[in-house]
There are 8 protein chains.
Amino acid sequence: GFVKIDHHRMMRQGFPEVVFCQGKTIDQVVAIMERLIEYNHNILATRATPEMYTAVAAVIPDAQFHEQARLIVVERQPVVVDPDRIIVVMTAGTSDIPVAEEAAITAEIMGNKVRRVYDVGVAGIHRLLAQRQILEEANVLIVVAGMEGALASVVGGMVAKPVIAVPTSVGYGANFGGLAALLAMLNSCAAGVAVVNIDNGFGAGRLASIINHMR
Amino acid sequence: GFVKIDHHRMMRQGFPEVVFCQGKTIDQVVAIMERLIEYNHNILATRATPEMYTAVAAVIPDAQFHEQARLIVVERQPVVVDPDRIIVVMTAGTSDIPVAEEAAITAEIMGNKVRRVYDVGVAGIHRLLAQRQILEEANVLIVVAGMEGALASVVGGMVAKPVIAVPTSVGYGANFGGLAALLAMLNSCAAGVAVVNIDNGFGAGRLASIINHMR
Amino acid sequence: GFVKIDHHRMMRQGFPEVVFCQGKTIDQVVAIMERLIEYNHNILATRATPEMYTAVAAVIPDAQFHEQARLIVVERQPVVVDPDRIIVVMTAGTSDIPVAEEAAITAEIMGNKVRRVYDVGVAGIHRLLAQRQILEEANVLIVVAGMEGALASVVGGMVAKPVIAVPTSVGYGANFGGLAALLAMLNSCAAGVAVVNIDNGFGAGRLASIINHMR
Amino acid sequence: GFVKIDHHRMMRQGFPEVVFCQGKTIDQVVAIMERLIEYNHNILATRATPEMYTAVAAVIPDAQFHEQARLIVVERQPVVVDPDRIIVVMTAGTSDIPVAEEAAITAEIMGNKVRRVYDVGVAGIHRLLAQRQILEEANVLIVVAGMEGALASVVGGMVAKPVIAVPTSVGYGANFGGLAALLAMLNSCAAGVAVVNIDNGFGAGRLASIINHMR
Amino acid sequence: GFVKIDHHRMMRQGFPEVVFCQGKTIDQVVAIMERLIEYNHNILATRATPEMYTAVAAVIPDAQFHEQARLIVVERQPVVVDPDRIIVVMTAGTSDIPVAEEAAITAEIMGNKVRRVYDVGVAGIHRLLAQRQILEEANVLIVVAGMEGALASVVGGMVAKPVIAVPTSVGYGANFGGLAALLAMLNSCAAGVAVVNIDNGFGAGRLASIINHMR
Amino acid sequence: GFVKIDHHRMMRQGFPEVVFCQGKTIDQVVAIMERLIEYNHNILATRATPEMYTAVAAVIPDAQFHEQARLIVVERQPVVVDPDRIIVVMTAGTSDIPVAEEAAITAEIMGNKVRRVYDVGVAGIHRLLAQRQILEEANVLIVVAGMEGALASVVGGMVAKPVIAVPTSVGYGANFGGLAALLAMLNSCAAGVAVVNIDNGFGAGRLASIINHMR
Amino acid sequence: GFVKIDHHRMMRQGFPEVVFCQGKTIDQVVAIMERLIEYNHNILATRATPEMYTAVAAVIPDAQFHEQARLIVVERQPVVVDPDRIIVVMTAGTSDIPVAEEAAITAEIMGNKVRRVYDVGVAGIHRLLAQRQILEEANVLIVVAGMEGALASVVGGMVAKPVIAVPTSVGYGANFGGLAALLAMLNSCAAGVAVVNIDNGFGAGRLASIINHMR
Amino acid sequence: GFVKIDHHRMMRQGFPEVVFCQGKTIDQVVAIMERLIEYNHNILATRATPEMYTAVAAVIPDAQFHEQARLIVVERQPVVVDPDRIIVVMTAGTSDIPVAEEAAITAEIMGNKVRRVYDVGVAGIHRLLAQRQILEEANVLIVVAGMEGALASVVGGMVAKPVIAVPTSVGYGANFGGLAALLAMLNSCAAGVAVVNIDNGFGAGRLASIINHMR
Ligand SMILES: Nc1ncnc2c1ncn2[C@@H]1O[C@H](COP(=O)(O)O)[C@@H](O)[C@H]1O
Ligand SMILES: Nc1ncnc2c1ncn2[C@@H]1O[C@H](COP(=O)(O)O)[C@@H](O)[C@H]1O
Ligand SMILES: Nc1ncnc2c1ncn2[C@@H]1O[C@H](COP(=O)(O)O)[C@@H](O)[C@H]1O
Ligand SMILES: Nc1ncnc2c1ncn2[C@@H]1O[C@H](COP(=O)(O)O)[C@@H](O)[C@H]1O
Ligand SMILES: [Mg+2]
Ligand SMILES: [Mg+2]
Ligand SMILES: [Mg+2]
Ligand SMILES: [Mg+2]
Ligand SMILES: [Mg+2]
Ligand SMILES: [Mg+2]
Ligand SMILES: [Mg+2]
Ligand SMILES: [Mg+2]
């Protein structure tokens with residue numbers, strides 16, 4: 001067949017293969033989802049269109065769609081979370097929210113308690129300083145920011161916790177589709193910051209979940 | 001003075017400000033190290049030249065130099081490690097070792113047990129497969145690779161543990177000073193991989209240490 | 001006329017000039033195909049749209065369309081293949097299949113036996129290792145991969161056969177339209193890997209066919 | 001002659017043509033300085049080497065050299081400053097000081113009171129917050145930062161005054177010679193920030209002086 | 001809520017937070033505008049679509065739309081201008097006018113007298129020279145230019161006043177979406193020129209206003 | 001008004017200002033054309049859409065449209081050509097013809113005899129060698145090529161005449177919108193080749209005309 | 001140890017692991033060579049400096065040095081070649097010869113007959129046409145070219161044989177360290193051309209050898 | 001031999017093959033010069049070092065060296081010039097003079113009268129306007145400029161003559177080795193401007209000479 005589903009992944013990595021819908025036909029997405037659901041695990045598909053969701057829901061009626069985050073989620077197993085280990089997902093601006101939601105929902109379906117702190121970018125630093133309490137409570141932080149991506153450095157300097165920085169493509173001109181924020185985050189003068197691909201909320205959520213489950 | 005040492009950092013982040021020697025004069029490095037050592041913490045300086053070390057050692061005789069890693073280390077407080085929590089530092093080739101050593105020694109001075117697994121790049125995948133046992137035992141992994149940086153993806157697919165990928169500038173031509181490995185790692189098809197700047201062994205060691213101390 | 005068909009090419013290169021449809025009008029494509037078919041050779045047109053195919057089929061009724069691969073094929077001469085010389089076409093993911101099909105069908109119409117091994121990317125290396133037998137049987141390999149393009153290096157390290165690497169534009173963000181995979185493949189630490197342009201399945205198929213016919 | 005000195009510039013712009021020494025021979029620098037000094041104005045030469053200074057001082061004994069800033073200054077006319085209009089020059093780190101000095105000394109010779117606030121980068125935001133008073137007193141701000149250049153955005157959000165951002169080439173890897181800070185500053189989410197070329201302390205000092213003299 | 005409006009900004013910066021509409025939903029824009037208008041300040045939204053305006057006007061009937069400039073403006077407080085302090089907004093070509101209008105209207109709503117001098121690019125330098133009188137009268141200049149962006153350098157050499165250069169994305173080919181003009185302006189051989197992001201008329205208008213209000 | 005037509009240009013440069021339609025509204029194009037035609041010169045507008053032409057033709061009925069070349073031409077004065085001075089316009093492939101036509105028609109309306117030699121790219125060098133006679137007869141050559149742009153070098157090596165190279169955006173992948181051909185042409189090992197912007201047929205035609213009128 | 005020599009490689013790929021000397025210390029190179037020579041195979045080290053060679057020769061006296069090609073070769077087993085299967089190595093210019101020699105000597109030690117055809121770049125196409133006979137006799141071709149790299153396309157269009165294109169960093173300015181030739185070769189309009197990294201003569205020689213041994 | 005001198009070039013192009021010394025050994029340069037001088041033509045070598053000149057002068061005593069321009073010239077045949085056809089070579093700054101000299105001397109040895117107009121960059125436009133008379137007298141213009149390269153556009157707008165623009169690598173920071181000036185010149189809004197490679201004074205001089213000899 002056209003697809004070799006990595007059924008070992010559930011065992012190897014604790015969560016089944018996640019479907020990357022971009023560049024696939026609707027039929028391919030449906031076929032892969034059907035094959036995955038046979039095992040009755042929770043499953044996740046990223047970068048899904050509404051049309052893909054409609055087709056999937058026709059065969060997997062309990063599939064849910066998070067339109068802003070472009071995620072299809074099927075929850076077949078109870079999701080257990082440790083309420084004392086919080087992943088905080090922050091954004092610099094309102095326009096970064098879709099990527100942040102991709103990260104947050106990914107982390108949630110993988111069994112994590114998530115707190116959202118949105119629109120606290122550095123242009124008004126008092127907004128961030130007002131959130132200090134939440135930063136204290138966090139176990140892992142995901143910082144989502146476009147434009148110049150400075151929020152990651154400021155947060156990274158305030159905590160001694162893992163900070164996963166997600167550059168977004170929000171911006172224009174010499175932003176070059178997120179390159180400005182990506183380079184800024186890679187060059188962060190705050191140690192303890194690691195970076196994932198531009199707009200890759202999923203990757204950040206997945207990594208945060210792995211770290212958050214460490215004991 | 002020309003420098004505002006961030007003395008809060010020990011408290012805020014559990015390790016004092018680390019000195020980035022590049023672009024500083026020898027006098028500046030010495031002055032900063034002297035100010036830092038007053039508190040008798042362990043201290044670390046990165047990207048140090050042998051000349052800088054000589055000048056530092058004249059005033060801080062117990063300073064040690066790791067030439068390949070370009071690190072100056074002063075160990076004034078006992079370093080405590082949890083022997084069950086291992087950070088594995090891997091390289092693809094022999095030429096990536098200096099960056100890997102920067103990561104490893106950083107993690108060690110910050111209180112971690114480190115295992116080095118060098119020269120296991122994907123051109124001979126059996127070398128990596130032979131290390132499976134070590135991958136099992138790892139708590140956090142740092143993957144250091146230049147050229148095409150493929151090792152990070154392969155390792156990321158084998159474990160459900162945090163993988164910190166460090167692209168190196170090893171290579172030539174269309175490598176563009178490490179850009180090839182950087183882009184490869186950012187685009188890794190294995191979830192759970194986060195990336196730091198090219199040749200930034202220090203950042204990787206610091207982040208690995210933070211994660212490794214989570215409970 | 002607007003076009004100087006290279007009628008020598010059949011003689012010089014064993015296959016007539018292949019039509020590159022992108023940037024041409026439908027009328028131009030039809031006119032060129034009509035001129036080429038006069039000689040009754042097998043002909044091939046790449047990057048064709050369904051509209052172009054409809055127009056071509058109106059004048060060359062035996063033209064076939066491979067929509068996913070965007071190829072128009074006219075088979076006027078019997079295609080002879082040596083069943084012992086196999087070109088293996090591999091992809092890292094499902095989204096890379098259209099480019100792989102362009103390569104595979106190009107190789108087939110030029111007289112080669114092709115085996116497809118799709119969706120064996122490095123995020124789950126066991127999928128690739130499970131195909132070792134096929135790698136043994138291959139005479140030439142085409143590796144099609146987007147994102148970080150690591151599959152080419154791993155395959156290149158497993159065989160002593162020509163590996164033609166095709167980066168695809170599958171990915172997003174710091175993928176930069178296939179640049180990440182392209183650079184990775186050019187910097188492959190496995191010797192014996194050569195690279196064609198991003199998404200250039202045709203070029204890979206053509207080169208594989210040339211190599212596969214060597215004696 | 002090889003040079004057409006722009007003698008109108010003193011009239012048109014209030015300060016004579018400034019000599020850009022890079023790419024000129026020592027003889028050319030001396031010759032130009034000699035021609036400029038005939039008018040007995042204050043003069044400035046940027047990016048000068050110690051060798052150039054030695055040669056200039058041989059013919060213009062009152063020339064002064066600022067080595068770190070690479071400036072040659074000749075002060076023939078009294079410099080008048082308005083003590084109530086302060087230009088504040090800030091740096092993120094110690095390594096950015098040479099560029100900051102170029103800006104500060106340029107502004108001083110052009111008749112401005114300058115205050116230096118160095119090493120207040122965002123990795124320890126409290127250092128910046130502790131300088132709020134000085135920010136209040138500033139009339140114009142110059143923010144000099146390498147690496148991810150986030151300081152400009154944070155400062156720009158704290159004041160309603162002109163902020164001139166100077167990216168520096170301090171950093172390595174995906175810094176690309178200052179590109180990271182440059183893009184960050186251009187994409188600043190704080191309005192009221194304008195940017196000059198990487199390492200262009202002179203340009204920042206000159207523009208700050210023009211603004212500071214407005215009435 | 002999804003947005004943390006920066007209500008301090010009016011106090012800190014003399015104008016309330018400006019809404020960046022790009023990447024926001026119509027509902028988000030309306031909600032933010034409604035929250036901002038409660039204080040009865042003048043408000044501004046940039047990069048607004050006609051659809052956004054229609055939705056905003058339904059709840060804020062006195063909102064005005066500047067289609068070419070993509071600005072929504074609500075004027076609740078009288079705008080006071082000093083007629084002797086003129087901001088001159090210049091363009092090189094006709095195609096640069098939308099960005100120039102964004103700058104001009106931003107400056108106007110923030111309380112400045114603006115003069116527009118359009119289509120005076122360097123391909124016919126006499127057109128610029130004919131405007132010398134206006135350049136004399138200007139207090140601050142905004143130069144908007146695409147293609148090679150040379151106008152900023154020429155103007156910067158003619159005046160001893162702050163010049164804010166706005167590169168535009170007008171052009172094609174090796175213009176790379178405004179990169180050519182951006183680099184040209186950053187490398188201007190005329191001192192006293194500062195640069196904002198490509199197509200960032202808003203930022204230029206805001207900065208010009210800040211400078212124009214200095215005393 | 002929004003436009004300052006450069007009426008001197010006819011005198012200064014022998015042809016009136018050429019209208020660059022891209023980024024202008026239909027109304028602006030019509031207004032500019034009407035102003036230009038008052039002087040009854042021949043006029044030219046580049047990058048025009050069919051809609052623009054329709055609007056122009058409504059007020060200037062003798063305007064002609066060259067759709068492929070995207071040119072509007074109004075011929076009010078007789079065009080005089082010297083039949084012994086031929087501009088040869090060559091293309092590498094069929095897809096480069098629109099840009100070549102822009103060059104050819106520009107040269108024609110400016111009073112030059114033009115010969116078109118299309119589809120003689122280097123993949124079949126005999127096609128080019130077969131045109132040697134025409135190369136001999138040329139006074140100036142325009143070489144239009146996309147993909148790798150090699151034709152310019154080969155032609156440049158065959159003649160001691162001015163060769164104007166026009167890179168086109170024909171291609172895909174690592175072509176980067178014409179960058180590949182642009183760089184190739186700039187690096188041509190054949191001396192006597194000069195380059196204009198990607199897809200800038202107009203500029204090439206204009207320059208060729210200037211050279212062709214030299215005496 | 002710091003190195004895991006891939007002793008399987010001789011079996012898997014018919015030639016032992018090749019030592020990449022760049023970024024290694026002299027001691028590391030010597031240690032690796034000593035370990036490799038124990039098996040008495042022929043061995044090869046690339047990008048070696050004269051100092052490395054001196055140190056290697058002290059312990060492996062029969063090691064040979066090819067300075068221009070920067071190769072150390074140890075020939076312990078007889079090299080068998082098929083005189084009817086010729087690899088032709090071509091260069092565009094004289095400055096490309098070091099890279100070509102790296103390719104040629106690599107192919108020779110791996111058991112191939114090599115013919116060198118140097119300095120036949122397209123600026124004087126007759127030089128290439130004069131070599132037609134040799135092109136006929138070739139089994140595989142390696143085309144080494146810097147600057148605009150056009151030679152690969154022209155050769156690729158003349159033969160129906162595998163062409164391995166090696167861009168070199170010969171050139172300056174907009175050559176960007178070989179990028180111009182690299183992009184040109186990747187965009188070659190001649191099918192059947194594959195590309196290796198800039199200056200990677202070794203990779204080309206290795207691949208050519210693999211293809212040349214196919215039966 | 002390692003070199004195939006293109007002896008046809010004198011016939012084909014009116015001047016013998018010019019030696020590009022960069023990347024060649026001293027011995028290679030000497031050998032090529034000796035072969036070329038046998039025909040007793042005038043010869044030219046570019047990018048020569050003083051060491052190369054010393055070695056060449058030992059065997060060709062009448063060879064002359066232009067150090068700033070890095071040219072070796074041998075004048076064996078009388079150079080005839082038409083005094084009414086002037087090539088004007090202009091620079092924006094003093095630092096651009098070496099490239100301008102390369103252009104000027106190239107044009108002179110190829111039989112042209114050259115006038116130098118240096119240091120007339122746009123930061124003081126009156127300097128350029130003062131040269132109007134010379135612009136009138138020019139037959140062909142070469143404009144050499146680094147930094148933002150604006151001079152080419154201004155000159156191109158003032159004359160209806162061929163303008164050959166040479167970007168130089170003079171500058172720093174976001175100049176990117178001449179890229180800023182290169183892009184500016186390619187995007188010139190003045191038609192009639194063509195561009196050669198960064199720092200390619202030779203190419204400009206050669207092309208200007210070809211144009212200047214047209215009749
Ligand atoms: N056109 C614009 N370009 C750049 N920044 C802008 C623009 N319009 C508004 N802003 C800034 O964007 C910030 C709001 O971003 P957000 O939270 O996403 O709405 C404000 O601080 C504004 O100063
Ligand atoms: N010049 C070269 N360019 C690219 N790869 C090379 C070169 N020389 C050796 N290699 C490869 O580099 C690998 C060795 O890397 P390392 O472990 O760092 O010594 C081997 O697998 C070789 O195939
Ligand atoms: N296709 C084109 N490419 C580049 N420049 C052009 C083109 N068409 C017209 N121009 C130039 O653009 C200028 C007009 O720009 P604008 O003022 O925006 O109409 C004129 O000086 C023309 O020389
Ligand atoms: N998909 C493709 N990618 C690259 N080159 C192609 C492709 N299809 C056809 N070609 C080549 O493009 C050339 C035809 O270009 P044209 O003259 O524009 O039709 C032929 O020489 C083919 O070898
Ligand atoms: Mg906001
Ligand atoms: Mg190795
Ligand atoms: Mg898959
Ligand atoms: Mg500091
Ligand atoms: Mg205009
Ligand atoms: Mg064709
Ligand atoms: Mg040669
Ligand atoms: Mg000057």
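Right above here is the structure, for reference.
Rules of the game
Residues numbered from 1 in each chain as written. Chains lettered and ligands numbered in written order. Predicted model: local features only at pLDDT ≥ 70, side-chain atom pairs only at ≥ 80, totals over all residues. Heavy atoms only, no water. Contact = heavy atoms within 4.5 Å. Buried area = accessible area lost by both parts, 1.4 Å probe. Salt bridge = Lys/Arg side-chain N within 4 Å of Asp/Glu carboxyl O. Polar contact = N/O pair within 3.5 Å; in protein donor to acceptor, adjacent residues only side chain to side chain. Buried < 20%, exposed > 50% of the residue type's maximum accessible area, 1.4 Å probe, protein only. Helix = DSSP H or I, 4+ residues; strand = E, 2+ residues; numbered from the N terminus. Pairing = 2+ DSSP bridges. Right-handed = clockwise from strand over helix to strand, strands pointing away. Near = heavy atom within 4 Å. Areas by Shrake-Rupley, 256 points an atom, 1.4 Å probe, with all protein chains shown as cover. Nonpolar A, V, L, I, M, F, W, Y, C, P; charged D, E, K, R; others polar. Least-squares fit on C-alpha atoms with pLDDT ≥ 70 in both.

(A) Region of interest: the interface of chain H and chain F. Taken together, the contact pairs 29 residues of chain H with 29 residues of chain F. Roughly 2,500 Å² is buried in total at the junction of chain H and chain F, and carbon and sulfur atoms are behind 61% of that figure. Summed over the three residues of chain H that lose the most area to chain F, namely Gln13(H), Leu186(H) and Met214(H), the buried surface amounts to 22% of that side. Between chain H and chain F we count zero salt bridges in total. On the surface where chain H and chain F come into contact, there are three residue pairs in polar contact (both at pLDDT 80 or more).

(B) Representation of the pairing of strand β5 (residues 86-91) of chain E in the model. Residues and elements named next belong to chain E. Within β5, six of the six residues are buried, leaving the element largely enclosed by the surrounding structure. Where burial is concerned, the two faces of β5 agree: the one with Ile86, Val88 and Met90 and the one with Ile87, Val89 and Thr91 are both buried. As paired elements, β5 and strand β6 (residues 113-117) share five bridges and run parallel to each other. Within β6, the position partnered with Ile87 by the bridge is Val114. Considered for its hand, the β-α-β crossover made up of β5, helix α4 (residues 97-109) and β6 is right-handed. In this structure, β5 lies alongside strand β7 (residues 138-145), joined through six bridges in parallel fashion. Bridge pairing links Thr91 to Val144 in β7.

(C) Layout of the site of ligand 4. With respect to spatial proximity, 14 residues lie near ligand 4, and among them Arg9(C), Lys24(C), Thr46(C), Asp119(F) and Tyr172(F) are the closest. Lys24(C) is positioned such that a nitrogen or oxygen atom in its side chain is 2.7 Å from an oxygen atom of ligand 4. Thr94(F) is positioned with one of its backbone polar atoms (N or O) 3.4 Å from an oxygen atom of ligand 4. Within the complex, the protein chains bury 92% of what would otherwise be the 500 Å² of accessible surface of ligand 4. Grouping the amino acids of the shell around ligand 4 by side-chain chemistry returns six nonpolar, four polar and four charged.

(D) Highlighting the side chain of Asn187(G). Relative to the elements of secondary structure, Asn187(G) occurs in the loop between α8 (179-186) and β9 (193-195). Engagement of the side chain of Asn187(G) in a polar contact is seen with the side chain of Asn197(C), the distance being 3.3 Å. Among the polar contacts made by the side chain of Asn187(G), one reaches the main-chain carbonyl oxygen of Leu183(G) at a distance of 2.8 Å. With sequence-adjacent residues up to four places away left out, Asn187(G) is seen in contact with Asn197(C), Met147(F), Glu148(F), Tyr172(F), Ala174(F), Asn175(F) and Ala180(F).

(E) The arrangement of the interface of chain E and chain A in detail. Residue-level contacts link 23 residues of chain E with 19 residues of chain A. Carbon and sulfur atoms supply 52% of the area that chain E and chain A bury against each other, a total of about 1,600 Å² over both sides. It is Phe2(E), Lys4(E) and Phe20(E) that lose the most area in chain E upon contact with chain A, and together they represent 32% of the buried surface on that side. At the junction of chain E with chain A, the criterion picks out one salt bridge. For the pair chain E and chain A, the interface holds nine residue pairs in polar contact (both at pLDDT 80 or more). Elements represented by at least two residues in the side of chain E that touches chain A include exactly α1 (8-13), α2 (26-37) and α8 (179-186) of chain E. Among the elements that make up the side of chain E that touches chain A, the one with the highest residue count is α1(E) (three residues). Among the residues making up the side of chain E that touches chain A, the classes are represented as nine nonpolar, six polar and eight charged.

(F) Quick peek at the sheet that holds strand β4 (residues 71-74) of chain F. All names here are of chain F. Overall, mixed pairing links the four strands, which are arranged β1-β2-β4-β3 in an open sheet. A strand with exactly one partner marks an edge of an open sheet, and here the two such strands are β1 (19-20) and β3 (64-66). Two strands pair when backbone bridges link them, and β1 and strand β2 (residues 43-46) are joined in this way by two bridges, in the parallel orientation. Its bridge partner being in β2, Phe20 is matched across the sheet by Thr46.

(G) Summary view of the pattern of salt bridges. This structure, assessed with the given rule, holds 54 salt bridges over all chains. With a closest N to O distance of 3.9 Å, Arg127(C) and Asp119(C) form a salt bridge. There is no split in this pair, since Arg127(C) and Asp119(C) are both buried. Its salt-bridge partner being Glu101(H), residue Arg116(H) comes within 2.7 Å of it at the nearest N-O pair. Taken together, the residues Arg116(H) in strand β6 (residues 113-117) and Glu101(H) in helix α4 (residues 97-109) connect sequence positions 15 residues apart. The exposure class of Arg116(H) is partly exposed, given its relative accessible area of 33%. Because the salt bridges share partners, they merge into one network encompassing Glu17(A), Asp119(C) and Arg127(C).

(H) Fine view of the relation of the copies chain E and chain A. Once chain E is rotated about the relating axis by 90° and shifted along it by 0.0 Å, it coincides with chain A to within an RMSD of 0.0 Å. What the rotation and shift describe, once combined, is the action of a four-fold rotation axis. Taking C-alpha positions as the reference, the residue of chain E nearest the rotation axis is Phe176(E), at 7.1 Å. A distinct binding surface is used by each copy, with only 4% of the interface residues of chain E retained as interface residues in chain A.

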